[in-house]
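Breakdown of the fold
For reference, the chains in residue letters:
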Amino acid sequence: MEEKKNYTVSVYTENNIGILNRLSAIFLKRHINIESMTVSESEIENVHRFTFVVIVTETLIRKVVLQLEKQIEVIGAFFHTEEEIIYHETALFKISSEHLYDENIQNKLKFRRAHIIAITERYFVIEASGLKEDIDNMYQKLKPYGLMQFVRSGRIAISRPRMAISDVLAP
Amino acid sequence: METLKKEVQEINTIKSVKMSGAEAVIRCLLEEGSTLAYGYPGGAIMPVYDELYKYREQFHHVLSRHEQGAIHSAQGFARVTGKVGVVFATSGPGATNLVTGIADAQIDSTPLICITGQVGSHLLGSDAFQETDIIGISTPVTKWNYQITKASEIPAVFAKAFYIAKSGRPGPVLIDITKDAQFGELDFSYNKCVKVRSYKAIPTLNIEKVKEAAVLINAAKKPLIVFGQGVILGSAENEFKNFMEKTGIPSACTGLGLSALETDHPLHVGMVGMHGNYAPNVLTNQCDVLIAIGMRFDDRVTGNLNTYAKQAKIIHFEIDPSEVDKNVKTDVAVLGTVKESLVEVMQFVNKGNHSEWMKEFHKLYEIEKEVVINDQLNPTKEGLTMSEVLAGINKETKGEAVIVSDVGQHQMIAWRYAKFTKTRSNITSGGLGTMGFALPAAIGAKMGVPDREVIAIIGDGGYQMTIQELGTILQTKAAVKIVVLNNSFLGMVRQWQELFFDRRYASTVMTNPDFVKIAEGYSIEANRVSKREDLADAIKKMTDSKEAYFLEVVIEPESNVFPMIPTGASVSDIRLT
């Protein structure tokens, strides 16, 4: 059995209605769960960038990326392993103010790239960013204090190798 | 200078005319050379139908009896002509009734434009009467789809839709138009689409890959070509034949590749696949180079992938990059149109002769003939076989007819026994296996090539799935010949029940109506035969008829289609009995 890995799939598309449906349909028909997804603008004007994270074999991701790229409004689709990208996730934790001066919490915040971004009478909000594991860690540490809310972003990733997207768009 | 500017201005005024969105829809179709559509009216598409009425001298609309019938007719038309088939339907149920045909066209690469009406844009998403999210529903089964909410979008969207539907690997496109966009006004002018920046219709041919392929082909001792519908879709029949004849390589077709090469060509070694011929299936696992041309290694072709042509080097001539290595790992993939690739490869391949290797095919054919074919064509049993009917049709039509088959045993028999002398003559639902396809598809095919004989071969099950299209024949007088091979069973499912489910015939026995009376109710001349001695005359009477004709042939109820590769078995383990 071929090993399953985390793959980050970057899809550059036209900025039109319905593309998300078209892309997710490809994952759906192959029965692949999407671990995380982010949509944003890209470095090219009017071109959108989808970043998906999926756990599949290399054989499968190759086929999926070709099927994504086949969609008319997809300009280019690429896949990368964890080693080939620099990536980042962000999470927000809403915690009751009674724990604000808890020394343990203060110590936990010493973890890199975590800080308090809002304080009110009833609650405070911690923002943490980093790798998926960093946020998983932070979640485990803060969970005992009773999370009033927790949310995390999808992965955003920059590839180390070049993605030849502008070549496709050249007239 | 001033005069010239004026002139340009004037030309522009002529080009740009104010009209309604609904009228623009018809004008776009006319601009694309399309003058025939199939469809069914309803509330949300009425403005377009009103324009169809006004344009009735220039544009012909065929009223089907169900939207599924309309789209299969458009498919039949597209498959037989190579042109884009056009379908109209209203919103809601009209649109959803198209879905089976859209999925069928997607998997069999048929160019279609489906135009659906939609509720007014102010009602979108409000669960209005006959509102359905057809864009969402059709997304996974269309090559492209788009919802028009402003009349001004119509010309550019239609131009793009036609370009996408017919370029590269063809496929269905759906355009959903809100009612207010049909009523709205626009300044109409039309420019054909020649490029969509995010879409590469045809991959750039890599000449190095062509050379690599040629090296393998020249070195091969036991090569085998498997050709598919890509040869037909790419109008590469001649280029393919030149390549095959120069290299002298035995060539087998897929189901959809049938008729790309005349059946009787000495290098044509039959059909591969689940119910294909014995020789090409067995020898797939003995060849040293397998040259796949415009085909996609469907599971019905390959059987078990783990034992498929493992000994062979695989060359894949293909237009769609996502098909390469999808099912079978290739050694050399030549991406591009089949036509261009084969023209290029001709410079590098040597003249070849594989007569020793060809003998292997002949030897195995003799076995298939003795065990299967002879008994099918000259049965010892009393009941008629489907194969006899096909042989009788071959005799009358000399292989010049368009054979439209439905789905099931009769389809496999039609693929196996029909003789073809002309391309685009095997119209069938291959990838999706849509029962009910043949009757409406035959109507479309007949309208596409009115001078050719079009014969629909249908089982008693599939016939009743779209039997309402007899009404379309009544109204349009389409001279379709309908042959129902009636074994009073859902034959293919029954065959599987017999072979793999210990003869538990769950829901496969059919109590059928009097098909002759039904045809007569639609004023279609009809006949039924059940005796061997009456068959030839009955077929002749049918083919002699200048009008639509219905022939029911009562078939031996429990007969099976062989050879057969059981699911999960290897192509070389194909069973003869």
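Source: prediction; values computed, not measured. (Residues numbered from 1 in each chain as written. Chains lettered and ligands numbered in written order. Predicted model: local features only at pLDDT ≥ 70, side-chain atom pairs only at ≥ 80, totals over all residues.)

1. Digging into the domain arrangement of chain A
By domain assignment, chain A separates into domain 1 (4-85 + 156-169) and domain 2 (89-152). Look at where the C-alpha atoms of domain 1 of chain A and domain 2 of chain A centre, and you get two points 31 Å apart. (Domains from an automatic or database assignment.)

2. Considerations on the nonpolar core
In globular proteins that are soluble, nonpolar side chains generally tend to be buried together. All names here are of chain B. Counting residues in hydrophobic clusters, the biggest one holds 179 residues, and the most contacted among them are Val-87, Ile-113, Phe-240, Val-404, Ala-456 and Val-483. Top contributing element to this core by residue count: helix H8 (residues 154-166), with eight residues. The residues contacting Ile-113, other than those within four sequence positions of it, are Val-84, Val-86, Ala-161, Phe-162, Ala-165, Val-173 and Ile-175. (Core = buried A, V, L, I, M, F, W, Y, C linked by C-beta atoms within 7 Å. Buried ≥ 20, exposed ≤ 12 C-beta atoms within 10 Å, placed from the backbone. Helix = DSSP H or I, 4+ residues; strand = E, 2+ residues; numbered from the N terminus. Contact = placed C-beta atoms within 7 Å.)

3. Digging into the sheet that holds strand S7 (residues 172-178) of chain B
Residues and elements named next belong to chain B. One open sheet accounts for six strands, arranged S3-S2-S4-S5-S7-S6; its pairing is parallel. Both edges of this open sheet fall to strand S3 (60-63) and strand S6 (144-148), since each of them pairs with a single strand only. Ignoring which end each strand starts from, the neighbouring axes of this sheet average 20° apart. In this sheet, S7 lies alongside strand S5 (residues 112-118) in parallel orientation, the contact comprising seven bridges. Pairing of Ile-115 across the sheet is with Ile-175, part of S7. Packing against the sheet, helix H4 (residues 67-81) makes contact with strand S2 (36-39), S3, strand S4 (85-89) and S5, and its axis sits at approximately 170° to S4. (Pairing = 2+ DSSP bridges. Axes fitted to C-alpha atoms, helices over the stretch in contact; angles between N-to-C directions.)

4. Here we look at the confidence of the model for chain B
For chain B, the mean per-residue pLDDT works out to 96, and 97% of the residues sit at or above 70. Low pLDDT, under 50, characterises residues 1-14 of chain B; the predicted model gives this stretch zero contacts beyond four residues in sequence or across chains. (pLDDT = per-residue confidence, 0-100.)

5. A few points about the pairing of strand S3 (residues 47-57) of chain A
Residue and element names in this part refer to chain A. The pairing of strand S1 (residues 4-14) with S3 spans eleven bridges and is antiparallel. Residue pairing in the sheet places Lys-4 in a bridge with Thr-57 of S3. Across seven bridges, strand S2 (residues 34-41) lies against S3 in antiparallel orientation. The partner of Ser-36 across the bridge, within S3, is Val-53. Hairpin geometry of S2 and S3 is characterised by an intervening segment of five residues between the two adjacent antiparallel strands and by a positive phi of about 65° at Asn-46.

6. Here's the deal with the environment of B:Ile202
Within the secondary structure, B:Ile202 sits in the loop between strand S8 (185-188) and helix H10 (207-219). Along the chain, B:Ile202 and B:Gly336 lie 134 residues apart, while their C-alpha atoms are 5.9 Å from each other.

7. Description of the sheet that holds strand S16 (residues 426-428) of chain B
Residue and element names in this part refer to chain B. As summarised here, the arrangement of the six strands in space is S16-S15-S17-S18-S20-S19, forming an open sheet in which the pairing is parallel. The sheet is open, and its two edges are formed by S16 and strand S19 (525-529), each paired on a single side. Going from strand to strand, the sheet's axes swing by 20° on average, the running direction of each strand aside. As paired strands, strand S17 (residues 454-459) and strand S18 (residues 481-486) are joined by five bridges and run parallel to one another. Pairing of Gly-459 across the sheet is with Leu-485, part of S18. Against the sheet, helix H19 (residues 438-448) touches strand S15 (402-405), S16, S17 and S18, its axis set at about 175° to S17.

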